[in-house]
Amino acid sequence: MVTPDLSPHPSSPDGEFSASDSESPAAQSTSPAPEGDAFAADASRDIADVSAVEIITTATVHLMSAAAVKIGLAEDEDTGHYQDLAEARKLITALAGLVTAASPEIGGDHARSLRDGLRTLQLAFAEALPFPDEPGEGPGEKWTGRVS
């Protein structure tokens, strides 16, 4: 498998990343390095030791954090806030699908916390909109039902 070189270009003044296969010797190699095998084995053992509930919870926390930033709940030094509601909508919808699907599997206490966090994000999103969504058309409402 050929892996692209994602290191900064030496000729790029702003340090942009490139997926150029021709400039990296590692990218031309078709077999992984021996150190990579050891790292992959260690990572597999580490993942094997983590419960499914913890992996699901970690994924939802990452989605929640990203959605909160995209809604504009984090401050930017220059503009005062970050906001990208189109991206926030995608993240909240993905989060709603994951929380809805995982709830029966992860248990009541975990599921309750995740549903509360999801609902909070859905309400914050609704407040950030300049014009409200139609009932049932908000992010994730396909999975959770109308949030009010």
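Here, every reference points to the structure presented above.
Some remarks on the overall build of the chain
A tally of regular secondary structure across the chain gives six helices and zero strands. Listed N to C, the secondary structure of the chain is α-α-α-α-α-α in terms of helices and strands. Long-range pairs, those at least 24 residues apart, make up 49% of the contacts in the chain with a sequence separation of at least 6. Accessible surface, the chain as shown: approximately 10000 Å² in total, 57% of it carbon and sulfur.

Here's the deal with the pattern of salt bridges
Taken as a whole and judged by the stated rule, the model has three salt bridges. Notably, a salt bridge pairs Arg89 with Asp133, separated by 3.0 Å at the nearest N-O pair. Of this pair, Arg89 sits in helix α4 (residues 85-106) while Asp133 sits in the loop between α5 (108-128) and α6 (141-144); the two residues are 44 residues apart in sequence, bridging distant segments of the chain. Owing to a relative accessible area of 27%, Arg89 belongs among the partly exposed residues under this scheme. Judged by its relative accessible area of 28%, Asp133 falls in the partly exposed class.

Comments concerning a nonpolar patch on the surface
A cluster of nonpolar residues, Ile47, Val50 and Ile55, forms a patch on the protein surface that exposes about 240 Å² of accessible area. Classification of Ile55 by relative accessible area gives partly exposed; the value is 42%.

A short note on the packing of helix α3 (residues 52-71) against α5
Running from amino to carboxyl end, α3 crosses α5 at an angle of 15°, the nearest separation of the two axes being 10 Å. If you check the angle between α3 and α5, you find them roughly parallel. Considering the relative orientation of α3 and α5, their crossing is left-handed. Touching Val53, Thr57, Thr60, Met64, Ala67, Ala68 and Ile71 of α3 are His110, Leu114, Gly117, Leu118, Leu121, Ala124, Phe125 and Ala128, all from α5. By residue class, the composition of the contact of α3 with α5 is 11 nonpolar, four polar and no charged.

Focus on the nonpolar core
Across soluble globular proteins, nonpolar side chains have a tendency to be buried as a group. With 21 residues, the main nonpolar core has Ile71, Ile92, Leu95, Leu118, Leu121 and Phe125 as its most contacted residues. Those elements giving two or more residues to this core turn out to be α3, α4 and α5. Among the elements that take part in this core, α4 stands out by supplying nine residues, more than any other. What Leu118 contacts, discounting residues up to four positions off in sequence, is Met64, Ile92, Leu95, Ala96, Val99 and Thr144.

Examining the side chain of Thr60
Mapped onto the elements of the fold, Thr60 is located in helix α3. A polar atom in the side chain of Thr60 sits 2.7 Å from the backbone oxygen of Thr57. Excluding its chain neighbours within four sequence positions, the residues that come into contact with Thr60 are Leu95, Leu98, Val99 and Leu114.

Basis of the calculations
- As a convention, each chain's residues are numbered from 1 in the sequence order in which they are written.
- Where totals are concerned, whole chains, interfaces and linings use all residues; where local detail is concerned, this predicted model gives features only for residues with pLDDT of at least 70, and gives and counts side-chain atom pairs only at 80 or more.
- Side-chain numbers here rest on the full set of heavy atoms in the structure, without hydrogens or water.
- The secondary structure listing takes helices from DSSP runs of H or I that are at least 4 residues long and strands from runs of E that are at least 2 residues long, numbered from the N terminus.
- Contact between two residues is taken to exist if any of their heavy atoms lie within 4.5 Å; hydrogens are not considered.
- The Shrake-Rupley method, run with a 1.4 Å probe, gives the accessible areas here. Residue values count only the displayed protein chains as cover.
- We count a salt bridge whenever a side-chain nitrogen from Lys or Arg sits within 4 Å of a carboxyl oxygen from Asp or Glu.
- Exposed residues in this analysis have more than 50% of their type's maximum accessible area, buried residues have under 20%, and partly exposed residues fall in between, with area computed by a 1.4 Å probe over protein chains only.
- What makes a patch is a set of residues exposed beyond 30% relative accessible area and free of salt bridges, joined within 9 Å when like-charged and within 5 Å when nonpolar (Val, Leu, Ile, Met, Phe, Trp, Tyr).
- To obtain each axis, a line is fitted to C-alpha atoms, and for helices this fit is confined to the stretch in contact; angles are then taken between N-to-C directions over 0 to 180 degrees.
- Roughly parallel covers angles under 35 degrees, roughly antiparallel covers those over 145, roughly perpendicular covers 65 to 115, and oblique covers all other angles.
- Take the far helix as the reference: if the near one is turned anticlockwise from it by less than a right angle, the crossing is left-handed, and if turned clockwise, right-handed.
- Under the grouping applied here, Gly and all other residues not named as nonpolar or charged are polar, the nonpolar ones being Ala, Val, Leu, Ile, Met, Phe, Trp, Tyr, Cys and Pro and the charged ones Asp, Glu, Lys and Arg.
- Think of a nonpolar core as a cluster: buried Ala, Val, Leu, Ile, Met, Phe, Trp, Tyr and Cys residues, connected wherever their side-chain atoms sit within 4.5 Å.
- Pairs of N or O atoms within 3.5 Å make up the polar contacts considered here, provided that, within protein, one atom can donate a hydrogen while the other can accept it, and that residues adjacent in sequence are counted only when both atoms are side-chain atoms.

Bear in mind that shape data such as this cannot, by itself, settle questions of function.
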